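Examination of the molecular architecture
Here is what each chain is made of, one letter per residue.
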Amino acid sequence: MNEAELVARFRDETSIFHAWGDYVKSTISNAVETTISPRRLDDFLKIPPIPRVKDVGSLVDKAFYRDKSYRDPYAEIADKVGVRFVVLLTSEIKTVESAITTCDDWMATKDMDYEEERKKYPTAFTYQSVHYVAVSKRNIEHEGVIVPAGIPCEIQIRTLLQHAYAELSHTWTYKPKTTIVPTVKRTVAKSMALIETTDEFFEEVVKTLGAEGKPLKDALSGLSQIYRDVTKIAPDSGKSNILVLDAMRDKISREFLDRVQEFLRMKPFVPKKIAERAEYQHLFRQPVILLAYYLVSENPGEAKSVWPLTPDELRPVFDDLGKNFDSY
Amino acid sequence: MPFENFTHGRIIIHEVFKRDDDRRMVDRTYSPGLVTLDRKAASAFQNRLVTTLGDASSCVEMSIAVDSPESMFQLAKILMDADKPLFIRDSRKVADMLASAQKTRLIPGGVLIVFTGTVGSPAKRTLGIIKAEPHNGFVREKKSDGSLGLRYLEDLFLTPVTRLYKIGIFIESDPGAATLERPSAGHRAFVYDELMTGSNHQKAAQYFYESFLGCAFPDSGARMTRLFYNYTKDFIGILDVPEEKKTDLYTALRTYLKTDQRPVVEVAGFASAYFPEVRQDYETFMAAREFPLHAVPKDLADLGNALRTRRVLFSKNIKLTAPADMFEEMVKIETIDGTRGPDRAPAKWTKITVKDHIRSQE
C-alpha cells in the first residue's frame with residue numbers, strides 16, 4: 001500500500017473509527033460504572049475519556065517515516081483510534097482492565113504492561129502505562145455506522161501521575177534525539193522514579209483510610225440496603241451521609257443496624273414520610289436519614305446536639321416523630 | 001408520641017373578628033373553598049402543630065366536658081365524617097361558635113383554621129382547630145434594578161411565634177368505646193394556648209378551651225401531680241450523684257411544685273431547668289411509667305404533707321425531719337469520710353449543720 005492509497009482508505013473509513021472508538025469508550029465506561037457504584041464515574045475517572053481518531057498526517061508519518069518496518073502499515077497500526085482512561089490509583093487500573101477483558105464484543109490483547117516492563121528492565125524509570133488493543137469481533141452497529149469485524153482501538157490506562165509523566169515526555173517526542181542532553185534524561189528518569197514511589201504512597205494512604213473508615217462504610221452500606229428495602233427508592237450517596245455518620249459514630253455498634261430495623265418495625269410510617277420528603281428534600285434521599293429518625297426517637301436531645309448539618313434539616317424528623325424540636 | 005405521623009386532610013380558613021363597640025358579634029368571613037398546601041407548606045403546617053402539641057411541648061390533655069349535640073366535640077365528629085361540601089358548610093359553625101365564645105372586646109379576632117387529619121401509628125382520625133392572630137413583619141423584595149427592598153406585611157400568621165396561636169384538637173383514639181350516654185368516651189382532646197400554661201393568665205384562656213371547645217382541666221390533675229412528684233423523687237434517688245446534689249434536687253422539686261406559678265407541670269421543663277445533663281434518662285424513666293411528656297395540670301391536693309416536710313432517713317432508723325420551706329436555709333448536709341473499714345475504704349458519714357440551737361430533747 002502506498003501513501004496515497006493509505007490516505008484514501010483511511011479517509012474512507014474515518015467514520016468507522018469514530019464509531020468504534022465511541023462504542024469502546026461507552027462500553028467500558030458503563031461496565032466500570034456498574035463495578036464502582038455508588039461511586040460516580042466522573043469521580044473515578046480523573047480525565048474524561050474522549051476517543052481520538054489519528055489525524056491523517058501523523059498516520060502517514062508513523063506508517064512511512066519513522067523507521068518502523070511495517071509490512072502492512074494500515075493493518076498493523078493499532079492506534080488509528082484510541083481512548084485513554086486516567087484513574088487516581090494503580091489498583092484502580094485493574095478495574096478498567098477487567099471491564100476490557102470481560103467484554104465479548106471485541107478481542108482484547110495487552111500491548112503494553114508497565115508491571116511486565118518493570119520486571120524486564122528493573123533499573124529503568126520511563127513511560128508507564130497499560131495498553132490494550134480491542135479488535136471488533138463481528139459487525140457492530142453504533143450510531144448508524146456499521147463497524148465491521150477486525151477494527152482495532154487502542155486503550156490506554158494509567159494513573160494521573162503516570163499521565164503527568166507522559167504529558168511531559170510528549171514535549172520531547174518530536175525533538176531530534178541527539179539534542180537531549182543526558183542530564184535532562186536523568187532528571188526525567190528521576191521524576192518517574194518519584195512518580196512510582198508516590199503512586200505507592202497514594203495506594204498506602206487510601207488503604208489505611210479505608211481500613212479506618214470501614215465501620216462507617218459498613219454502616220452506610222447497611223443503611224443504604226435498608227433504605228432501598230423500606231422506601232423502594234434508590235438512595236443517594238451525598239457527602240452528608242459521611243458527615244452525619246461521622247458525627248454519630250459512637251452510636252454505630254455491631255447491632256445498630258438491627259436496632260434501626262427494629263425501630264422501623266415499630267414505626268412503619270417512617271419510610272412513608274421519608275419517601276414523601278425525598279421528593280423535595282435532598283437529605284431525605286440519603287440513607288443516613290434513617291439513622292437520624294432512629295436517634296431522634298431514642299434520644300432527641302443528643303441527636304440535636306451532635307447533628308452536624310443545619311437544625312432546619314433535622315426539624316422535620318422531630319415533626320414526623322411528634323417531638324417539639326425547640327424544647328430539646 | 002400521640003402526635004407522631006401527622007398528615008393533614010381537608011383544611012379550610014374562616015375569619016372571626018373582635019366584638020363591636022356594643023359588644024355585638026361581627027359577621028364572620030367564611031371561605032367558600034378548601035385550602036391546598038404544597039409540600040413545603042404542608043411540612044411547615046405539621047411543624048407548627050408538633051411544636052405546640054408534640055412531646056416536650058406545653059400542650060395540655062384536657063377532658064372533654066361537654067359532648068352534647070350542640071358541643072364542639074359533636075361538631076368535630078361531624079366534620080371528621082363529612083364529605084367536602086358538608087365540611088365546607090359545617091366548618092362555618094366552628095367560626096360561629098368561636099365568635100360567640102369571644103364575649104369581650106379584649107379578645108382579638110383572628111384567622112380560624114379548621115382541619116382534618118390523622119395522627120399516631122396506627123393512624124387515628126383527628127379534627128383540629130387553630131385560632132391564629134395575625135401579626136406583622138417584613139418580606140424581602142427584589143426590585144427590577146436588582147436591589148433588595150423590604151415590604152411590610154400586616155397579616156402574617158402561623159409563623160414560628162407560638163404565642164400567637166391556639167390549637168384545640170380532638171383525636172379518635174378508641175371510637176368503639178363511645179356510648180350513647182358518653183359519646184366522647186374513647187376520644188382525647190389536647191389544647192395548646194400559651195395563656196393557659198403561663199402564670200396567672202388562666203382566666204384569659206378560658207373562653208377558648210372552655211366556652212368554645214367545651215373542654216376542662218382534667219380532674220386527674222391531683223393524681224398526675226402526685227405521680228410526677230413520686231416518680232421524680234424515685235428518679236433522683238437512683239441518680240449517680242453525691243448526696244449533696246440529691247438534697248438540692250429534692251429541694252428543687254418542691255420549689256418547682258410549690259413556688260412556681262405555672263398551672264402545669266412538665267417533665268421536659270423540669271429536666272431542662274434542674275438536670276439537663278440527664279434529661280434523656282429522666283424522660284425515658286417517666287415515659288416507661290407512662291407519664292405524659294406534654295404538660296399536665298398541676299394540683300397539689302394529694303401532696304399536702306409530702307411538700308410540707310422534708311425527711312432524711314439514715315440506715316439505722318435515724319431520721320431528720322424539717323419544715324420543707326426552711327430546709328434549704330437552715331440545714332446543711334455534707335457527706336464526709338468516716339473511719340476506715342476492714343477493706344481500708346473510708347465509710348461514708350454525714351455531717352449535718354443546723355443553723356439553730358437545740359430547744360429541747362427527750
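Heads up: these notes are all about the structure in this document. (Residues numbered from 1 in each chain as written. Chains lettered and ligands numbered in written order. Predicted model: local features only at pLDDT ≥ 70, side-chain atom pairs only at ≥ 80, totals over all residues. Heavy atoms only, no water.)

**Here's the deal with the overall build of chain B**
Looking only at helices and strands, one finds 11 helices and 15 strands in chain B. Looking at the 362 residues of chain B, the share that counts as buried comes to 45%. A separation of at least 24 residues holds for 63% of the contacts in chain B among residues at least 6 apart in sequence. Of the roughly 19,200 Å² that chain B leaves accessible, carbon and sulfur atoms contribute 51%. (Helix = DSSP H or I, 4+ residues; strand = E, 2+ residues; numbered from the N terminus. Buried < 20%, exposed > 50% of the residue type's maximum accessible area, 1.4 Å probe, protein only. Contact = heavy atoms within 4.5 Å. Areas by Shrake-Rupley, 256 points an atom, 1.4 Å probe, with all protein chains shown as cover.)

**Description of the overall build of chain A**
What chain A contains, in helices and strands, is 15 helices and seven strands. For chain A, the proportion of its 328 residues judged to be buried stands at 44%. Put simply, of all contacts in chain A between residues at least 6 apart along the chain, 71% involve residues at least 24 apart. Counting only carbon and sulfur atoms, one obtains 54% of the accessible surface of chain A, whose full area is about 17,500 Å².

**Focus: the pattern of salt bridges**
In total, this model carries 44 salt bridges over all chains according to the counting rule given. Linking E196(A) and R118(A) is a salt bridge whose minimum nitrogen-to-oxygen distance equals 3.5 Å. In this pair, E196(A) sits in helix α8 (residues 182-212) while R118(A) sits in helix α6 (residues 114-120), placing the two residues 78 residues apart along the sequence. Here E196(A) falls in the buried class, since its relative accessible area comes to 15%. Judged by its relative accessible area of 27%, R118(A) falls in the partly exposed class. A salt bridge links R105(B) to D21(B); the nearest nitrogen and oxygen atoms lie 3.3 Å apart. Here the residue R105(B) occupies a position in the loop between α3 (84-101) and β3 (110-119), and D21(B) occupies one in the loop between β1 (7-16) and α1 (39-53), the gap between them amounting to 84 residues. One connected set of salt bridges, linked through shared partners, spans R39(A), D43(A), K46(A) and E92(A). (Salt bridge = Lys/Arg side-chain N within 4 Å of Asp/Glu carboxyl O.)

**Some words on helix α6 (residues 221-238) of chain B**
Residues and elements named next belong to chain B. Relative to the 26 Å expected for 18 residues at 1.5 Å per residue, α6 spans 26 Å between its end C-alpha atoms, a close match to the ideal helical length. Looking at α6, one finds that the buried residues are G221, A222, M224, T225, L227, F228, Y229, Y231, T232, F235 and I236. Against α7 (243-258), β10 (264-265), α8 (267-274), α9 (279-288), β11 (296-297) and α10 (304-308) lie the buried residues of α6. (Expected span 1.5 Å × (residues − 1).)

**Examining the pairing of strand β5 (residues 135-142) of chain B**
Bridge count for β5(B) against strand β6 (residues 148-156) of chain B is seven bridges, and the pairing is antiparallel. Bridging from a neighbouring strand, R140(B) pairs with L150(B) of β6(B). (Pairing = 2+ DSSP bridges.)

**Some remarks on helix α13 (residues 289-298) of chain A**
Residues and elements named next belong to chain A. Among the 10 residues of α13, eight are classified as buried, and the element is accordingly described as predominantly covered. Considered for burial, the residues of α13 that qualify are I289, L290, L291, A292, Y293, Y294, L295 and V296. Turning to α13, the residues buried within the fold contact α9 (214-231), α10 (240-247), α11 (256-266), α12 (269-278), α14 (300-306) and α15 (311-320).

**What about the sheet that holds strand β4 (residues 124-132) of chain B?**
Residues and elements named next belong to chain B. Read across the sheet, seven strands follow the order β1-β3-β4-β7-β8-β2-β9 without closing on themselves; strand pairing throughout is antiparallel. This sheet does not close on itself; its edge strands, each paired only once, are β1 and β9 (215-216). Strand direction decides the pairing type here: strand β2 (residues 60-64) and strand β8 (residues 187-192), joined by three bridges, are antiparallel. Note that in β8 the partner of V60 across the bridge is V191.

**Here we look at the packing of aromatic side chains**
Per the stated rule, a full pass over the model turns up 28 aromatic pairs over all chains. Between W20(A) and W106(A) the ring centres are 6.0 Å apart and the planes differ by 80°, which places this aromatic pair in the edge-to-face class. Of the two residues, W20(A) sits in helix α1 (residues 3-36) while W106(A) sits in strand β3 (residues 106-112), which places them 86 residues apart along the sequence. Summarising the aromatic geometry, the rings of F270(B) and Y274(B) are spaced 5.0 Å apart at their centres and angled 45° between planes, so their arrangement reads as tilted. Taken as a pair, F270(B) and Y274(B) lie in helix α8 at a separation of four residues, close to a single helical turn. Among the aromatic residues, those joined into a ring-pair cluster are F228(B), Y231(B), F235(B), Y256(B), F270(B), Y274(B), F275(B), Y282(B), F285(B) and F291(B). One residue, R277(A), lies across the ring of F284(A), its end atom 5.8 Å from the ring centre. Over the ring of F285(B) we find R289(B); its NZ or CZ atom is 3.6 Å from the centre of that ring. (Phe/Tyr/Trp six-rings, centres within 6.5 Å; stacked < 30°, edge-to-face > 60°. Lys NZ or Arg CZ within 6 Å of the ring centre and 35° of its normal.)

**Here we look at the sheet that holds strand β7 (residues 152-159) of chain A**
Residue and element names in this part refer to chain A. Ordered in space as β1-β2-β7-β4-β3, the five strands form an open sheet in which the pairing is mixed. Edge positions in the sheet fall to β1 (52-53) and β3, since each of these pairs with one other strand and no more. As defined by bridge partners, strand β2 (residues 81-87) adjoins β7 across six bridges and the pair is classed as parallel. Bridged to F85 within β7 is I157.

**Looking at the side chain of Q162(A)**
Residues and elements named next belong to chain A. Among the structural elements, Q162 can be located in helix α7 (residues 160-173). Under the relative-accessibility criterion, Q162 is labelled buried at 1%. Discounting chain neighbours no more than four positions away, the residues touching Q162 are I93, Y114, R118, Q128, M192, I195 and D199.

**Some remarks on the environment of R311(B)**
Residue and element names in this part refer to chain B. Looking at the secondary structure, you find R311 in strand β12 (residues 309-313). Residues R311 and T321, spaced 10 residues apart in sequence, show a C-alpha to C-alpha distance of 4.5 Å. In contact with R311, not counting residues within four places along its chain, are L320 and T321.

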